[in-house]
Amino acid sequence: MKYGILTIVLLLCTAFGFSQTKTVSGTVSDNTGPIPGVNILVKGTTTGVVSDFDGNFTIDGVSETDVLVFSYIGFVTQEITVGDKQVINPLLVADFQALDEVIVVGYGTQRKSNVVGSVASVEVEEATTVPTTNVSEMLRGRAAGVQVNLGDARPGGNSDIVIRGNVSVAPGGNSPLIIVDGLPYDNLNDVAPDNIANIEILKDAASTAIYGSRASNGVVLVTTKRGKVGKPKIEYHGYTTIQSLTKNFNQYNGQQYIDLKREANRNRFTGDYLNDENIFSPFELEAIDNKNFVDWEDLVLRDAVIQSHSLSFSVGTEQTKIFSSVNYFDQQGIIPNSGYKRGSFKLNLEQRLTDKLLLRGILNYQNAKQDRETGGLNFTTITPLAKPFNDEGALEKYYLGPTNTAVNPLWDQRESMDESKINLTDVSLSLVYDIAPQLSYTLKTFLRNRNTNRGIYRSSLHSAGDEGNDGIGVLSNTLFKQVLVENIVNYTPEINENHSLDFTAVQGFDEQRTEYTQLDKSGFTNDALGFNGNATVLLNSIRDVSQRRLLSFMGRVRYGYLDRYLLEATARADGASVFAENNKWGYFPAVSVAWKMHNEPFMQGVDAIDQMKFRVSYGNTGNQGINPLESLGVADDVPYVFGGETVAGSTPSSRLPNPNLKWETTTTLNAGVDFRLFNNLFEGTFEYYKSNTKDLLLDRSIAGTTGFNVMRFNAGELENRGIEGSLMTNFFRDGDFRWTLGLIFSKNENEIIALTGELDDQGNPIDMTDTWGRRLSVGQSINNIWLPQYDGIYQEGDDIASTGNPLAQPGDVRVVDQDGNGQIDDRDNVFTTADPDWYGSITNTISYKNFDLFADIYIVQGATKLNPVLANGELWKGAINGIRTKYYTPEHPSTAYPRPKPDTHLHLYSFAVREASYVRLRTLSLGYNIPHESLSKFGIQSANVYITGTNLFTSTDFRSYSPEQPPVSGWESEFPETRNITLGVKLGF
């Protein structure tokens, strides 16, 4: 009995001894110094910590039998048994295979080292430092060959993404395909920035051919965050932004405008100034006497606020993974009556149903409201000699005096509204069935519904609504519906260690339907309810329904030998409903090869080269960038009155149908090299590409005697070629200080190789004008300006009589008489390419202990734009305000700006063609990571506070609110781009 008791005691003591826990600490380093952010996990559990910015860690509650797993991207994972050690100082070894992360490509993922096409990854953490819902702007300067052009700076606006130049002349034919979590999106801004995990850009045909006709302009692949195995995790990100006006020009103030108008009316022969009574109206004379001048920018624009809040939850087990988020964004516009609000909900779900069956679900819901300023607001060229308010401070309707019928733009702003409400619902369910260990089948389904309601109202006091109409309302509704079904089979047979093989087959169906309804009403009972009120008169009604369908079949094979030689071949067939009956199908093959030179035996002793991969690709993609029904004859609704009654009627459309309309096809050759050098000190890519697009979808004017005005047809060829490169340099990786420098460079040129084939009397190809007003000419870029060449300002003593403008006077605009015949006409016009010679960015990321500094400089060189304010003859007459210049006067002759005069200047458009190159400090962000020991008692795992400046400084000669936009569009001022200062916080629980 006593031996039994003794045995039990010994067993208990032994168990107690083995169950004792302790605290282990240490420092994680590599051969350059401590490593922050290393994950230390107790093997087989979810217990773990992360090393701090000095590489130090402390982990509690571990036993001698526990194994600590040290893992960090770019290093070999190391496992150490605790044993009797209380201090563990692991030395991690760089793993260049680990540095080769897995990235998303078309219909799957792939190790970056095995990618044979042109694929660029965007650093999401850096991209999301820009405070906006315009995700397109987050891609600016982040990937070589990707150009982002500002489209609309107002809240809720968009930007245009162009990948490797324009490959099409069709309207809307150069927009890339947006794929989010494997699903096509029609708008990149439907993705909340805080939900983005990865962004990849597919650029060459080998990468994009798998998407066929939808991808002739490149592909933007976005992967949103998903749940991961481990403890529940809650993250919050919130920020507040102050927006303010930024520009590089000034308008004339009141006195300067008076001087401009006096100078414009100065006698050019005697040099005498006219009396003010002969120049200004009595109202203006009173403003001059009282010095009642208006600064319209100061009156109209304001500082505005952005608020953003994002809360996410993620959790995961081997069976279930969940990520969910709620986002709210509210942006005021710096122009009153403008703003944008958006609330969104996101759910990503993965559920293992059986050992062989996996369910993936995605739910995305958004509710947004956009308010636009209305009334044709112009604060750039409007006269400062005005009276927008009466003596009591109330708005004056006729701000230029009671005898002038011009309406105060602030009055129309107050008496109008323009509101859009957008509801978006995305639902996707996918089933993945593992038929065998190397064979899987995926059924993917997707349903999108976007409903946009827009209401515009002009009250009975509005300049348009008070003309006997008792208010005018325009109500429109756009319902967009998309259905996608894809069947995907993937097979990866195991051959042996020397060979790798991967087969993918896809069959898909994509249908998009748009329904548009518009009602125009007047005769409102009152203004209180705006466009929601009752109206007695229906002015107009519009109903438009369009639909496009795409049926696709695709196959892809990847082969690798000895992890050195890679081959990929893709073929896709697309049938599009928008083309004519005999030309609905397009076929798009592509092939690419790569050589991983660093894996060759003869490279094993070359320490300077960590990775060196050469790749070449060649393939076709197609473009269906036309509207539905353009290959068919359609009718326009034209009601007519017969017998005193309105009778339904119709006439043929002005567009002549083309039953032979077919696909544009783009063939691309791409050659590139990817490298890592000197123990990962340098990492980069250099590429050359050439794309030729044939059977261009062109609009052609036809004789009105046919009963039609225009026809869409296939003709011609367009070539794009360019080089691009990116380089990442880890300058310092020592101890507390780390500095990474990134460089991105892109150069693209396009040239029209052929058009219709028609020749003029001299045997030269005949030029065309497309629907955007661009003059298309063989040998020229499609983005060009066709005008006489500006040659300065005429000066006293010039031989004016022998120029092409013999009636000119000193101070007038001079242009070049190209043919020397003594007159200026279209034969003297020259082409000026509007596209930049090159563009790129410089990024700096600096870390010191708990501080992070990020700076992003964006550069565009060689761009050219026409400035419509400088081209406006009314400015040089002194009839409107505008961009202030040191204009020509006899006392102070200018060689840069013409002399004001009362009649219209010749060749102002040539003078207004200006260089639009710029260098911009786009982002400057400073962040601080609060030490973990200061947070743990509050249950917070991580906290980062930061301050970010956006568009802080821009150096450019192009005078506008943005170097990418003119200051006015038509008679309205463009919505100004802003300088932003953001204060934000990120918390992890």
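Quantities reported herein were computed from a predicted structural model and do not represent experimental measurements.

## Overview of the overall build of the chain
Counting its secondary structure elements, the chain contains 11 helices and 54 strands. Over its C-alpha trace the chain gives a radius of gyration of 33 Å, about what one expects of a compact globule, namely 30 Å for 989 residues. Counting only C-alpha atoms and orienting by the principal axes, one finds that the chain spans roughly 130 × 70 × 65 Å. Looking at the chain residue by residue over its 989 residues, the buried ones come to 49%. In the chain, of all internal contacts separated by at least 6 residues, the share reaching a separation of at least 24 is 68%. Split by element, the accessible area of the chain, about 45200 Å² in all, is 55% carbon and sulfur. Positive and negative side-chain charges in the chain, numbering 85 and 117 respectively, have mean positions lying 5 Å apart.

## Things to note about the confidence of the model for the chain
Of all residues in the chain, 92% have pLDDT values of 70 or greater, and the mean over the chain is 87. Predicted confidence is poor over residues 1-19, with pLDDT under 50, and the contacts of this stretch with residues over four places away or in other chains come to 1 contact.

## Quick notes on the environment of F731
Along the chain, the position of F731 falls in strand β38 (residues 710-734). Sequence-wise, F731 and F480 are 251 residues apart; in three dimensions their C-alpha atoms are separated by 50 Å. In this structure F731 touches L681, W739 and L741, once residues within four positions along its chain are discounted.

## Quick word on empty space enclosed by the protein
Scanning all chains against the criterion turns up 8 cavities of 30 Å³ or more. Looking at the lining of the largest cavity, the elements with two or more residues in it are β20 (320-332), β50 (918-929), β51 (942-956) and β54 (978-988). A per-class count over the lining of the largest cavity returns 9 nonpolar, 13 polar and 7 charged. Every residue lining the second largest cavity is counted, 20 residues in all, and those nearest its centre are T132, P193, D194, Y239 and S308. Of all the elements, β20 adds the most residues to the lining of the second largest cavity, at 3 residues.

## Re unusual backbone geometry
Positive phi, normally seen in glycine, also occurs at R164, with a value near 60°. Tracing the chain through its elements places R164 in the loop between β13 (159-163) and β14 (177-180). The class of R164 is buried, set by a relative accessible area of 4%.

## Considering the packing of aromatic side chains
Applying the stated criterion to the full structure yields 20 aromatic pairs. Considering the side-chain rings of W595 and F614, the 5.9 Å spacing of their centres and the 25° angle between planes classify their relative orientation as stacked. Remark: F614 occurs in strand β30 (residues 609-623) and W595 occurs in strand β29 (residues 585-596); sequence separation between them is 19 residues. Here W595 falls in the partly exposed class, since its relative accessible area comes to 30%. Residue classification places F614 among the partly exposed positions, given a relative accessible area of 35%.

## Regarding the pairing of strand β25 (residues 472-491)
With 20 bridges joining them, strand β24 (residues 439-458) and β25 adopt antiparallel strand pairing. Across the sheet, T442 pairs through a bridge with I488, a residue of β25. Direction of pairing for β25 relative to strand β26 (residues 499-524): antiparallel, over a ladder of 20 bridges. In the strand pairing of β26, Y491 is matched with F503.

## Observations concerning the sheet that holds strand β16 (residues 196-202)
An order of β11-β16-β17-β14-β15 is seen for the 5 strands of this open sheet, with the pairing classed as mixed. Two strands lie at the open edges of the sheet, namely β11 (119-122) and β15 (183-185), each paired on one side alone. Adjacent strand axes in the sheet meet at a mean angle of 25°, parallel and antiparallel pairs treated alike. When β11 meets β16, the two strands line up antiparallel, connected through 4 bridges. Counterpart to A120 in the pairing with β16 is I201.

## Observations concerning the side chain of S962
Along the chain, S962 falls in the loop between β51 and β52 (968-969). Contacts of S962, omitting those with residues within four sequence positions, involve L150 and E977.

## With respect to a nonpolar patch on the surface
Together, I242, F731, F732, F737, Y848, F851, L853, L924, L926, I947, I981 and L983 make up a nonpolar patch on the protein surface, roughly 1100 Å² of accessible area in all. Contributing elements (two or more residues each) for the nonpolar patch: β38, β47 (851-861), β50 and β54. Position of L983 among the secondary structure elements: in strand β54.

## Quick word on the environment of P836
Position of P836 among the secondary structure elements: in the loop between β45 (829-833) and β46 (838-848). Residue classification places P836 among the buried residues on the basis of a relative accessible area of 11%. Spatially, the C-alpha atoms of P836 and V860 are 6.5 Å apart, while their sequence positions differ by 24 residues. Discounting chain neighbours no more than four positions away, the residues touching P836 are Q147, N748, V860, Q861, G862 and A863.

## Structural notes on the sheet that holds strand β8 (residues 78-81)
An order of β5-β4-β7-β8 is seen for the 4 strands of this open sheet, with the pairing classed as antiparallel. Edge positions in the sheet fall to β5 (48-50) and β8, since each of these pairs with one other strand and no more. On average, each strand axis in the sheet is tilted by 20° relative to the strand beside it, whichever way the strands run. Sheet analysis places strand β7 (residues 67-71) next to β8, joined by 4 bridges and oriented antiparallel. Bridge assignment links F70 to a residue of β8, and that residue is Q78.

## Considering the pattern of salt bridges
In this structure the tally under the stated criterion is 61 salt bridges. Between R414 and E415 there is a salt bridge, and its shortest N-O distance comes to 2.8 Å. One network of salt bridges, in which partners are shared, links R164, K203, K613, R615, D674, E687 and E724.

## What about the nonpolar core?
Among the nonpolar cores identified, the biggest contains 47 residues, and W296, V300, I335, F379 and W876 are the most heavily contacted of them. Of all the secondary structure elements, the ones that give two or more residues to this core are α6 (254-264), α7 (282-290), α8 (296-300), α9 (409-414), β44 (813-815), α10 (873-876) and α11 (908-911). Sequence-distant contacts of W296, defined by excluding residues within four places in its chain, comprise L301, F379, I382, T383, P384, A386, P388, Y399, N408, P409 and L410. Grouped together as the second largest cluster of nonpolar side chains are 26 residues, A120, L139, A143 and V191 included.

## A look at the side chain of S136
Its location among the elements puts S136 in helix α4 (residues 135-138). Residue classification places S136 among the buried positions, given a relative accessible area of 5%. For S136, the contacting residues outside a window of four places in its chain are V148, S159, I161, L188 and N189.

## So, α7
Buried within α7 we find F283, E284, L285, A287 and I288. If you follow the buried residues of α7, they end up packed against α6. Following α7 by one or two positions, K291 has its phi on the positive side, about 50°.

## Topic: α6
Among all positions in α6, only G254, Y257, I258, L260, K261, E263 and A264 are buried. Those residues of α6 hidden inside the fold are in contact with α7 and α10. Put simply, N253 is the residue that caps the front of α6, since its side-chain oxygen is 3.2 Å from the backbone nitrogen of Q255.

## Quick notes on the environment of A170
Here A170 lies in the loop between β13 and β14. Counting along the chain gives 454 residues from A170 to Q624, while the straight-line C-alpha distance between them is 9.2 Å.

What counts and how
- Residues numbered from 1 in each chain as written.
- Predicted model: local features only at pLDDT ≥ 70, side-chain atom pairs only at ≥ 80, totals over all residues.
- Heavy atoms only, no water.
- Helix = DSSP H or I, 4+ residues; strand = E, 2+ residues; numbered from the N terminus.
- Rg over C-alpha atoms; globule rule 2.2 N^0.38 Å.
- Buried < 20%, exposed > 50% of the residue type's maximum accessible area, 1.4 Å probe, protein only.
- Contact = heavy atoms within 4.5 Å.
- Areas by Shrake-Rupley, 256 points an atom, 1.4 Å probe, with all protein chains shown as cover.
- Lys, Arg positive; Asp, Glu negative; His and termini not counted.
- Charge placed at Lys NZ, Arg CZ, Asp CG, Glu CD.
- pLDDT = per-residue confidence, 0-100.
- 1 Å grid on protein atoms, 1.4 Å probe; cavity = no way out; pocket = protein on both sides within 12 Å on 5 of 7 lines; lining within 4 Å.
- Points joined across faces, edges and corners; volume = space filled by probe spheres on them.
- Nonpolar A, V, L, I, M, F, W, Y, C, P; charged D, E, K, R; others polar.
- Phe/Tyr/Trp six-rings, centres within 6.5 Å; stacked < 30°, edge-to-face > 60°.
- Pairing = 2+ DSSP bridges.
- Axes fitted to C-alpha atoms, helices over the stretch in contact; angles between N-to-C directions.
- Patch = residues over 30% accessible without salt bridge, like charges linked within 9 Å, V, L, I, M, F, W, Y side chains within 5 Å.
- Salt bridge = Lys/Arg side-chain N within 4 Å of Asp/Glu carboxyl O.
- Core = buried A, V, L, I, M, F, W, Y, C linked by side-chain atoms within 4.5 Å.
- Polar contact = N/O pair within 3.5 Å; in protein donor to acceptor, adjacent residues only side chain to side chain.

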